[in-house]
Amino acid sequence: MNRIDETRPFIPVGIAVLTVSDTRTLADDKSGDTLVSRITEAGHRLVDRAIVPDDRDRIYNQVQAWTLSQEIDVVITTGGTGFTGRDVTPEALEPLFEKRMDGFSEVFHRLSYDKIGTSTIQSRATGGVANATYVFVLPGSPGACKDAWDGILKWQLDYRHMPCNFVEIMPRLDEHLRRG
C-alpha cells in the first residue's frame, strides 16, 4: 500500500523530538532514541531534541517555540498520553492545533491493535497542525514510537510517497494566515 515514486526527489524535513517524562534523561530515553535513529536513517534533519517533565505549561511552551521556528517542519512528542494524573500531553498540545488530524490517531490505533490488542485504547495519541508545523503526540513506549514511525510517519514524511504525502502540502499549511 505504501508506494515510493523513485522519479521524485527525496526532500528532508526538519524534525524536533520531545520526550515528556518525570524520570527519563537523554542517557536512558529509549523512545526518543528510537525516533532519532529512524529520523536520521530516513534522511531527515534532527533539528532539536529535549526532555521536559509532565507539566502542561512546559510541554506547551517547548512545542509552541518549536512550531515558530523556521527550521522545524515537524514536532514529535513521546510520553504523557495515558490516563494517569501526570499524563497531560494531549491537554497541553491540542489547544495549539489549528487543525486536528483525527486520521493519525485512528491509523495509529489500528496499527497498534495488531500488536498489542485492546491495550491500544490506553493511549490518547493525537496529531495536528500548529503554526504550519505538523505535531504528532505519541505514547512513551519504544514500541509505540516504532509503530507510529514505521507505519505512518516514515511514509507521510517522504515526498516520494504516492498518491499523496504531508511534505507536498507543507507550503500550503499557512494559507489561512495569508488570506486578506
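Residues numbered from 1 in each chain as written. Predicted model: local features only at pLDDT ≥ 70, side-chain atom pairs only at ≥ 80, totals over all residues. Heavy atoms only, no water.

Asks: Please clarify how the overall build of the protein chain should be interpreted in this entry.
Replies: What the protein chain contains, in helices and strands, is seven helices and eight strands. Over its C-alpha trace the protein chain gives a radius of gyration of 15 Å, about what one expects of a compact globule, namely 16 Å for 180 residues. By its C-alpha atoms, the protein chain is 45 × 40 × 30 Å across when sized along the principal axes. Counting over 180 residues, the protein chain shows a buried share of 47%. A separation of at least 24 residues holds for 75% of the contacts in the protein chain among residues at least 6 apart in sequence. (Helix = DSSP H or I, 4+ residues; strand = E, 2+ residues; numbered from the N terminus. Rg over C-alpha atoms; globule rule 2.2 N^0.38 Å. Buried < 20%, exposed > 50% of the residue type's maximum accessible area, 1.4 Å probe, protein only. Contact = heavy atoms within 4.5 Å.)

Asks: It is not clear to me how the pairing of strand β6 (residues 126–130) should be interpreted in this structure. Could you clarify?
Replies: Each regular strand displays side chains that alternate between the two surfaces of the sheet. The element β6 is extensively covered by neighbouring structure, given that five of its five residues are classed as buried. Sheet topology places strand β5 (residues 99–100) next to β6; two bridges connect them, and they run antiparallel. If you follow lysine 99 over to β6, its bridge partner there is valine 129. As defined by bridge partners, β6 adjoins strand β7 (residues 133–138) across five bridges and the pair is classed as antiparallel. By the bridge assignment for β7, glycine 128 is matched with valine 135. The hairpin formed by β6 and β7 contains two residues between the paired strands, and asparagine 131 there has a positive phi angle of roughly 55 degrees. (Pairing = 2+ DSSP bridges.)

Asks: Sorry, what's going on with the side chain of threonine 120 here?
Replies: Tracing the backbone shows threonine 120 in the loop between α4 (102–116) and β6. Judged by its relative accessible area of 5%, threonine 120 is buried. A polar atom in the side chain of threonine 120 sits 3.1 Å from the side chain of serine 112. When residues no more than four places from it in sequence are discounted, the contact partners of threonine 120 are His109, Ser112 and Tyr113. (Polar contact = N/O pair within 3.5 Å; in protein donor to acceptor, adjacent residues only side chain to side chain.)

Asks: Sorry if this is basic, but what is going on with the environment of isoleucine 72 here?
Replies: Here isoleucine 72 is to be found in the loop between α2 (56–67) and β4 (74–78). Look at isoleucine 72 and you get buried, because its relative accessible area is 5%. It is 25 Å that separates the C-alpha atoms of isoleucine 72 and glycine 143, two residues lying 71 residues apart in sequence. Ignoring anything within four residues of it in the chain, the contact list for isoleucine 72 reads Gly14, Ala16, Val47, Trp66 and Thr133.

Asks: I tried to follow the environment of glycine 80 on my own but got confused; where do I start?
Replies: Assignment of secondary structure puts glycine 80 in the loop between β4 and α3 (89–93). Taking the C-alpha atoms as reference points, glycine 80 and aspartate 55, 25 residues apart in sequence, are found 9.5 Å from one another. Look past the residues within four positions of glycine 80 in its chain and what remains in contact with it is Val20, Asp54, Asp87, Val88, Thr89, Pro90 and Arg124.

Asks: So what exactly am I meant to see when it comes to the packing of α4 against helix α5 (residues 142–156) here?
Replies: For any two helices packed against each other, the geometry is given by the interaxial angle and the distance between the axes. It is the contact of α4 with α5, at a shortest axis distance of 10 Å, that shows an interaxial angle of 120 degrees. Taken together, α4 and α5 sit at an angle that is classed as oblique. Between α4 and α5 the crossing geometry is right-handed. Residues Phe104, Val107, Phe108, Leu111, Ser112 and Lys115 of α4 touch α5, and the partners they reach there are Ala144, Asp147, Ala148, Gly151, Ile152 and Leu153. (Axes fitted to C-alpha atoms, helices over the stretch in contact; angles between N-to-C directions. Parallel < 35°, antiparallel > 145°, perpendicular 65-115°, else oblique. Left-handed = near helix turned anticlockwise from the far one by under 90°.)

Asks: Quick question: what am I supposed to make of α5 here?
Replies: Since the α-helix advances by 3.6 residues per turn, residues separated by three or four positions end up pointing in the same direction. Its 15 residues give α5 an end-to-end C-alpha distance of 20 Å, which sits within 8% of 21 Å, the value for a rise of 1.5 Å per residue. Of all the bends found along α5, the most pronounced is centred on tryptophan 149 and spans about 45 degrees. (Expected span 1.5 Å × (residues − 1). Bend = angle between axes of the 7 residues up to and from the residue.)

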